[in-house]
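# Inside the fold
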Amino acid sequence: MQQQLEELGREARLQIENAASPEELKEIKVRFLGKKGELTAILRGLGTIPSEQRPAVGRQANDLRTLLEEVIEQREHALRDLSRSNQWEKERIDVTLPGRPVSMGQKHPLTLITDEIKEIFVGLGFQVAHGPDIETDYYNYEALNFPADHPARDMQDSFYLTEKYLLRTHTSPVQVRAMEKKAPRLPVRIIAPGKVFRRDDDATHSPMFHQIEGLAVDKDITFADLKGTLLTFVRQMFGPEQKIRLRPSFFPFTEPSAEVDILCVMCKGKGCRVCSDTGWLEILGAGMVHPHVLSVSGYDPREVTGFAFGMGVERIAMLKYGIGDLRHFFTNDLRFLKQFG
Ligand code: PHE
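Residues numbered from 1 in each chain as written. Predicted model: local features only at pLDDT ≥ 70, side-chain atom pairs only at ≥ 80, totals over all residues. Heavy atoms only, no water.

## Let's talk about the side chain of Arg168
With respect to the element layout, Arg168 can be found in the loop between β3 (165-167) and α7 (173-182). From its side chain, Arg168 meets the backbone oxygen of Lys195 in a polar contact 2.7 Å long. Apart from residues no more than four positions distant in its own chain, Arg168 is found in contact with Gly131, Pro132, Asp133, Glu135, Asn140, Val174, Pro193, Gly194, Lys195, Val196 and Phe197. (Helix = DSSP H or I, 4+ residues; strand = E, 2+ residues; numbered from the N terminus. Polar contact = N/O pair within 3.5 Å; in protein donor to acceptor, adjacent residues only side chain to side chain. Contact = heavy atoms within 4.5 Å.)

## Some thoughts on the site of the ligand
As a structural note, the neighbourhood of the ligand is formed by 15 residues, with His170, Ser172, Arg198, Gln211 and Gly310 the closest of them. Side-chain polar atom of Arg198 to an oxygen atom of the ligand: 2.8 Å apart, as the coordinates give it. Gln211 is positioned such that a nitrogen or oxygen atom in its side chain is 2.9 Å from an oxygen atom of the ligand. Within the complex, 93% of the 320 Å² of free accessible area of the ligand lies under protein. Elements with a contribution of two residues or more to the shell around the ligand: β5 (208-218), β8 (280-289) and β9 (305-312). In terms of residue count, the dominant contributor to the shell around the ligand is β9 (three residues). In terms of residue class, the shell around the ligand is built from five nonpolar, eight polar and two charged. (Near = heavy atom within 4 Å. Areas by Shrake-Rupley, 256 points an atom, 1.4 Å probe, with all protein chains shown as cover. Nonpolar A, V, L, I, M, F, W, Y, C, P; charged D, E, K, R; others polar.)

## Quick notes on the nonpolar core
Counting residues in each nonpolar core, the largest one holds 43 residues, and the members touching the most others are Ile117, Phe233, Ile262, Phe309 and Met311. Contributions of two or more residues to this core are made by α5 (109-123), β5, α8 (223-238), β7 (254-263), β8, β9, α10 (313-321) and α11 (334-337). The element contributing the most residues to this core is α8, with six residues. Among the nonpolar cores identified, the runner-up in size contains 25 residues, and Tyr141, Ala152, Val174 and Ala308 belong to it. (Core = buried A, V, L, I, M, F, W, Y, C linked by side-chain atoms within 4.5 Å. Buried < 20%, exposed > 50% of the residue type's maximum accessible area, 1.4 Å probe, protein only.)

## Notes on the packing of aromatic side chains
For any pair of aromatic rings, the description rests on two quantities: the centre-to-centre distance and the angle between the ring planes. Per the stated rule, a full pass over the model turns up 12 aromatic pairs. Taking the centre distance of 6.4 Å and the plane angle of 25° together, the rings of Phe307 and Phe309 count as stacked. Residue classification places Phe309 among the buried residues on the basis of a relative accessible area of 1%. Ring-pair connections join several aromatic residues into one group, and the members of that group are Phe121, Phe126, Phe233, Phe307 and Phe309. Between the NZ or CZ atom of Arg177 and the centre of the ring of Tyr139, over which it lies, the distance is 4.0 Å. (Phe/Tyr/Trp six-rings, centres within 6.5 Å; stacked < 30°, edge-to-face > 60°. Lys NZ or Arg CZ within 6 Å of the ring centre and 35° of its normal.)

## Some thoughts on unusual backbone geometry
A cis amide bond links Ala183 to the next residue, Pro184, at an omega of 5°. Mapped onto the secondary structure, Pro184 falls in the loop between α7 and β4 (188-197). Between Leu186 and the following residue, Pro187, the backbone shows a cis peptide bond with an omega angle of -5°. Assignment of secondary structure puts Pro187 in the loop between α7 and β4. Located in the positive-phi region is Asn332, a residue other than glycine, with phi close to 55°. Here Asn332 shows up in the loop between α10 and α11. Take Asn332: its relative accessible area is 54%, and that puts it in the exposed class.

## Comments concerning the domain arrangement of the chain
In terms of domains, the chain is made up of domain 1 (2-91) and domain 2 (109-340). Computed over C-alpha atoms only, the centres of domain 1 and domain 2 are separated by 87 Å. (Domains from an automatic or database assignment.)

## Brief notes about the pairing of β4
Across the 10 residues of β4, eight count as buried, placing the element largely inside the fold. Bridge count for strand β1 (residues 127-128) against β4 is two bridges, and the pairing is parallel. Following the sheet pairing, Gln127 is matched in β4 by Ile190. Where β4 and β5 come together, 10 bridges link them in antiparallel fashion. By the bridge assignment, Ala192 is partnered in β5 with Glu213. (Pairing = 2+ DSSP bridges.)

Quick look at the structure:
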């Protein structure tokens, strides 16, 4: 019996020392010390051996049990340390490797142009204002003197959300919102950049595009102030040699109204393919604020006057950078975007 126990102990220790994983170790533990384990069986069978041998064998079996428990615990620790150092080995950082450069983003060309335009007008005393992309029929049309069913609404094919709400078709509603906020104080001088939406989609029209609105209201503002402001802007944006040309036009919210052209950026006025041989390129709409718009916004048209203008940011960017297709701005091709900034 004693010999059997010794052999069992030797065998168990050998297996424990060679256990390669915690799982294997657990199996070994069950095999020897579990309820149906080999050592447990011997301890249970003590009753069958002669009574004078029982105390000695019992002690030996119990000692072996204690010893095996200790050895198993040691092996457990050793295995844990081993797996940790393996982990560290795998995750070791080689501090001598060169770093991976973080690639810096840059501003979108439309953001660059918007920033540039804002800066020019801020320099002229304008403040930046914003309005919501989802507008009410009132601000987008009614307050701007487009009565319901007025044919001028057809110039801007729009996206209605409900009968009352639509995606704004221009930034002009910000004129009314800014005046309502400020009235009756003077002067009002705001520039309002933002997204606008029209049912339009080709190489020069996108259903979503950007405009910048300008508005100045004060006592004695004249058409000459409008011309002077626009000429100053155009020269800062496109160069000191630039000229503007105003053609009579119509907008319900300005009277008189004009379309404003600049000298063709390609041929400088000589006439080429880009300007259809006219020498001029249209860049914005403008005019004197209509008395209706002033009065619904809280100002007395007998006491104050104002001018307003609105320009398309994509159009300005295309002219300034020589871009032929407006869709480049929205397809997110990095080969295009990386050329700016
Ligand atoms: N809102 C007009 C448009 O989108 C442009 C404009 C703005 C015209 C301000 C006159 C004054 O076409």
